[in-house]
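What the coordinates show
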Amino acid sequence: MKPQRVLAGLTVVNLALLVFLLARVSPSGARGGETVLRGRALEIVDERGRVRASIVVHPAGRAPDGSPTRTRRSCASSTRTAARR
């Protein structure tokens, strides 16, 4: 076989593979609720692994400390003052 025929055949195979792969790719962007990430807690940590902020979801009713679950809490003030030092 001539080298030109081999190269032409490889080019056709590559183009067919490219068209096949592009046809399978789904468009990126926002999707209307198709994927959901669920969890019970979220922690934001710094480069040293210390927790800087956290959100915890408790079951309906009362939190482990007895407070209503609708209470909103922010980071402890001791964490903020320690970060400023």
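Throughout this description, residue numbers start from 1 for each chain and increase along the sequence as written. For a predicted model such as this one, the threshold for reporting local features is a pLDDT of at least 70, and the threshold for listing and counting side-chain atom pairs is 80 or more; totals across whole chains, interfaces and linings nevertheless cover every residue. Computation of side-chain values covers all heavy atoms of the structure but excludes hydrogens and water.

1. Observations regarding the overall build of the protein
- Secondary structure elements are defined from DSSP: runs of H or I of at least 4 residues count as helices, runs of E of at least 2 residues count as strands, and each element is numbered from the N terminus. A count of helices and strands for the protein gives two helices and two strands.
- Put simply, the protein runs from its N terminus to its C terminus through helices and strands in the order α-β-β-α.
- Think of it in three bands: with a 1.4 Å probe and only protein chains considered, a residue is buried below 20% of the maximum accessible area for its type, exposed above 50%, and partly exposed in between. Across the 85 residues that make up the protein, the buried fraction comes to 4%.
- Once local pairs closer than 6 in sequence are excluded, the contacts in the protein between residues at least 24 apart make up 6%.
- Note that accessible areas follow from Shrake-Rupley with a 1.4 Å probe, and for residues the cover is restricted to the protein chains shown. Surface exposure of the protein reaches about 8,400 Å², of which carbon and sulfur atoms provide 58%. Two residues form a contact once any of their heavy atoms are found within 4.5 Å.

2. Comments concerning the pattern of salt bridges
- Whenever a carboxyl oxygen of Asp or Glu lies within 4 Å of a side-chain nitrogen of Lys or Arg, that contact is scored as a salt bridge. Overall, the coordinates contain two salt bridges when judged by the stated rule.
- Residue aspartate 46 pairs with arginine 50 through a salt bridge whose shortest N-O separation is 3.1 Å.
- For arginine 52, the salt bridge goes to aspartate 46, with nearest N and O atoms at 3.2 Å.
- The network of salt bridges with shared partners includes Asp46, Arg50 and Arg52.

3. A closer look at a nonpolar patch on the surface
- A surface patch of nonpolar side chains, amounting to about 390 Å² of accessible area, comprises Leu42, Ile44, Ile55 and Val57.
- Its relative accessible area of 48% is what places isoleucine 44 among the partly exposed residues. Two joining distances apply to patches: 9 Å for like charges and 5 Å for nonpolar side chains (Val, Leu, Ile, Met, Phe, Trp, Tyr), and every residue must have over 30% relative accessible area and no salt bridge.

4. Some details on the confidence of the model for the protein
- Averaged over every residue, the pLDDT of the protein is 75; residues scoring 70 or more account for 64%.
- Per residue, pLDDT captures the predictor's confidence, and it can take any value from 0 to 100. Within the protein, helix H1 (residues 3-24) carries the highest mean pLDDT (92), whereas helix H2 (residues 77-84) carries the lowest (49).

5. Focus on the pairing of strand E2 (residues 51-56)
- Bridge analysis of strand E1 (residues 41-45) against E2 gives five bridges, and the strand direction is antiparallel. When the sheet's bridge partners are listed, alanine 41 is paired in E2 with valine 56. In this scheme, strands are said to pair when DSSP sees at least two bridges between them.

6. Section: the environment of leucine 42
- Along the chain, leucine 42 turns up in strand E1.
- Residue leucine 42 is classed as partly exposed on the basis of its relative accessible area of 47%.
- Apart from residues no more than four positions distant in its own chain, leucine 42 is found in contact with Ala53, Ser54 and Ile55.

7. A few points about the side chain of aspartate 46
- Relative to the assigned elements, aspartate 46 resides in the loop between E1 and E2.
- Taking relative accessible area as the criterion, aspartate 46 reaches 13% and is therefore assigned buried.
- We call two N or O atoms a polar contact when they sit within 3.5 Å, provided that within protein one can donate a hydrogen and the other can accept it, with sequence-adjacent residues counted only if both atoms are side-chain atoms. Of note is the side chain of aspartate 46, whose polar atom sits 3.1 Å from the backbone nitrogen of arginine 48.
- Engagement of the side chain of aspartate 46 in a polar contact is seen with the side chain of arginine 52, the distance being 3.2 Å.

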